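Residue strings, one per chain:
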Amino acid sequence: SPTVQSGDLAAVGAYIDALGTESFSGDLFWVDAEGMARVSSNAAPAQLPVDLSDREYVRAIIANRQPYVGGAVVSRTVGLPVVPIGVPTFDAQGS
């Protein structure tokens, strides 16, 4: 999505909110290139950013620049088991 690619945190947050994730028990978030979750569907703004740079799936996405499905982990924002699925986003210059 161009909104997500923009990196504008307020716009990305509004985009995620518009997806209607209130019935979703996991968390949908946007992570920057350093592995910090900057926008979240379930975390309160005071909880952000959340450092996910040590998570295998985040490291794999950053290193390989490819979608990745990780093994089950306990979410740091909602405290529930989740299966992480990540897709990298790039700006118009491919960064």
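That block above? That's the structure.
All of the points below concern the structure found in this document. Everything numeric in this text was worked out from a predicted model, so none of it was measured.

**Remarks on the overall build of the chain**
The helix and strand inventory of the chain stands at three helices and seven strands. When the helices and strands of the chain are read in sequence order from the N terminus, they spell out α-α-β-β-β-α-β-β-β-β. Taken over C-alpha atoms, the radius of gyration comes to 13 Å for the chain, in line with the 12 Å a tight globule of 95 residues would show. Judged by the C-alpha coordinates and their principal axes, the chain covers about 35 × 25 × 20 Å. Evaluated residue by residue, the chain yields a buried proportion of 31% over its 95 residues. For the chain, contacts bridging at least 24 residues in sequence account for 27% of all contacts bridging at least 6.

**Some details on the pattern of salt bridges**
Applying the stated criterion across every chain yields a total of two salt bridges. Here Arg 38 makes a salt bridge to Asp 32, at a shortest N to O gap of 2.8 Å.

**Thoughts on helix H2 (residues 9–18)**
Every buried residue belonging to H2 is among Val 12, Gly 13 and Ile 16, and all of these are buried. An end-on view of H2 places all buried positions within 100° of arc, on one side of the element. Residues of H2 that are exposed and point more than 90 degrees away from the buried face comprise Ala 10, Asp 17 and Ala 18.

**Focus: the pairing of strand S2 (residues 36–40)**
Taken across its five residues, S2 has four buried, putting it largely inside the fold. Counted between consecutive antiparallel strands, the loop separating strand S1 (residues 29–31) from S2 contains four residues, among which Gly 35 sits at a positive phi close to 90°. Across two bridges, the pairing between S2 and strand S3 (residues 50–51) is antiparallel. Looking at S3, one finds that Ala 37 is bridged to Val 50.

**Quick look at the sheet that holds S3**
Ordered by their spatial adjacency, three strands build an open sheet running S1-S2-S3, and the pairing between neighbours is antiparallel. Each having just a single partner strand, S1 and S3 make up the two edges of the open sheet. Each of S1 and S2 touches H2; the most contacted strand, S2, lies at about 55° to it.

**As for the environment of Asp 17**
Of note, Asp 17 is situated in helix H2. The exposure class assigned to Asp 17 is exposed, which follows from its relative accessible area of 54%. The sequence separation of Asp 17 and Ser 40 amounts to 23 residues, and the corresponding C-alpha distance is 8.9 Å.

**Concerning the environment of Ala 37**
Of note, Ala 37 is situated in strand S2. A relative accessible area of 4% means that Ala 37 is categorised as buried. Residues Ala 37 and Gly 7 lie 30 residues apart in sequence; the distance between their C-alpha atoms is 12 Å. Other than its neighbours up to four places away in sequence, Ala 37 contacts Phe 29, Trp 30, Val 31, Leu 48, Pro 49, Val 50 and Leu 52.

Quick notes on the rules
Residues numbered from 1 in each chain as written. Predicted model: local features only at pLDDT ≥ 70, side-chain atom pairs only at ≥ 80, totals over all residues. Heavy atoms only, no water. Helix = DSSP H or I, 4+ residues; strand = E, 2+ residues; numbered from the N terminus. Rg over C-alpha atoms; globule rule 2.2 N^0.38 Å. Buried < 20%, exposed > 50% of the residue type's maximum accessible area, 1.4 Å probe, protein only. Contact = heavy atoms within 4.5 Å. Salt bridge = Lys/Arg side-chain N within 4 Å of Asp/Glu carboxyl O. Arc of directions from axis to C-beta. Pairing = 2+ DSSP bridges. Axes fitted to C-alpha atoms, helices over the stretch in contact; angles between N-to-C directions.

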